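What the coordinates show
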Amino acid sequence: MVKEFTGQYDQNKQKICVGDLVVLAIPRKERRELLVIFEVVKDHEIYKIIYSEKFSHNTMSDGNPQYSQGLNFQVYKVIGNIKTGIDENLLE
C-alpha cells in the first residue's frame, strides 16, 4: 500500500504522509512520556493533525483531547505511523 504524501516535509526533510505520527517539538527519548503526539489525517480533502490519545499518554488531559489543526510547516519531526507505532530510533 502506498502512503498518501501530503506535499509537506518535516524539518528534517522527511515526507509527511497520512497516518504518520508527528511531534511539534524535539522528541527526547528521556521525556517520551511527556511527548504530545499527533496523527496526520485527511478530512474533506484537507490535511490535518489531530491529538493522538493512543500514543500520547494523556499529556493533554488539561487541554482539549479533540484538538486538531491544519497541517502546515510547524511539524518538527515524523516519529512513526499509526500502524507500527513510534520508532524509537527517531527519538533524539
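Please refer to the structure higher up on the page.
All values derive from a computational prediction rather than experimental measurement.

Examining the sheet that holds strand β3 (residues 20–23)
On the basis of which strands lie adjacent, the open sheet formed by six strands has the order β6-β5-β4-β3-β7-β8 and antiparallel pairing. Here the strands that pair on one side only, and so sit at the sheet edges, are β6 (68–70) and β8 (85–86).

Quick notes on the pattern of salt bridges
Per the stated rule, a full pass over the model turns up seven salt bridges. With a closest N to O distance of 2.8 Å, E4 and K42 form a salt bridge. Residue E4 is located in the segment before β1 (5–9), and its partner K42 is located in strand β4 (residues 38–43); the two are separated by 38 residues in the primary sequence. Salt bridges sharing partners connect three or more residues here, namely E4, K42 and E45.

Regarding the side chain of S56
Relative to the assigned elements, S56 resides in helix α1 (residues 53–56). The class of S56 is buried, set by a relative accessible area of 0%. A distance of 2.8 Å separates a polar atom in the side chain of S56 from the backbone nitrogen of I37. At a separation of 3.0 Å, a polar atom in the side chain of S56 contacts the main-chain carbonyl oxygen of S52. Each residue touching S56, except ones within four places of it in the same chain, is listed here: E33, L35, V36, I37 and Y51.

With respect to unusual backbone geometry
Backbone geometry follows two general trends: most residues other than glycine have a negative phi, and most peptide bonds adopt the trans configuration. In this model, K13 sits at a positive phi of 70°, which is unusual for a non-glycine residue. Positionally, K13 belongs in the loop between β1 and β2 (15–17). Among the residues examined, K13 registers a relative accessible area of 67% and is labelled exposed. Within the chain, E45 stands out as a residue other than glycine whose phi angle is a positive 70°.

Describing the packing of aromatic side chains
Going through the model one piece at a time under the given rule, you end up with one aromatic pair. In this arrangement the basic side chain of K15 is found over the ring face of F5, its NZ or CZ atom lying 4.9 Å from the centre.

Quick notes on the side chain of E39
Summarising the element assignment, E39 is placed in strand β4. Here E39 occupies a buried position and makes no salt bridge, while the nearest side chain of opposite charge, K54, is found at 7.4 Å. Of the polar contacts made by the side chain of E39, one reaches the side chain of S52; its length is 3.0 Å.

A word on the pairing of strand β5 (residues 46–51)
On a regular strand, each side chain points to the face opposite its neighbour's, so the side chains alternate between the two faces of the sheet. When β4 meets β5, the two strands line up antiparallel, connected through six bridges. Bridge pairing in β5 links D43 to I46. As paired elements, β5 and β6 share three bridges and run antiparallel to each other. If you follow K48 over to β6, its bridge partner there is G70.

Quick notes on the rules
- Per chain, residue numbering runs from 1 following the sequence as it is written.
- Local features in this predicted model are restricted to residues of pLDDT 70 or higher, and side-chain atom pairs are both shown and tallied only at a pLDDT of 80 or more, whereas totals for entire chains, interfaces and linings draw on every residue.
- For side-chain calculations, the full set of non-hydrogen atoms in the structure is used, while hydrogens and water are omitted.
- Any two strands between which DSSP finds at least two bridges are classified as paired.
- Under the DSSP-based scheme used, a helix requires at least four consecutive residues in state H or I and a strand at least two consecutive residues in state E, with every element numbered from the N terminus.
- Definition used for salt bridges: Asp or Glu carboxyl oxygen within 4 Å of a side-chain nitrogen of Lys or Arg.
- Residue exposure (1.4 Å probe, protein chains only): buried if accessible area is under 20% of the type maximum, exposed if over 50%, otherwise partly exposed.
- For this analysis, a polar contact is any N or O atom pair within 3.5 Å, provided that within protein one partner can donate a hydrogen and the other can accept it, and provided that sequence-adjacent residues contribute only side-chain to side-chain pairs.
- Only heavy atoms enter the contact rule, under which two residues are in contact if any of them lie within 4.5 Å.
- Side-chain rings of Phe, Tyr and Trp, where Trp is taken by its six-membered ring, are said to pair if the distance between their centres is within 6.5 Å; with planes under 30 degrees apart they count as stacked, over 60 as edge-to-face, and otherwise as tilted.
- Here, a charge over a ring is recorded when the distance from Lys NZ or Arg CZ to the ring centre is within 6 Å and its angle to the ring normal is within 35 degrees.
- This count recognises Lys and Arg as positive and Asp and Glu as negative, with His and chain-terminal groups excluded.

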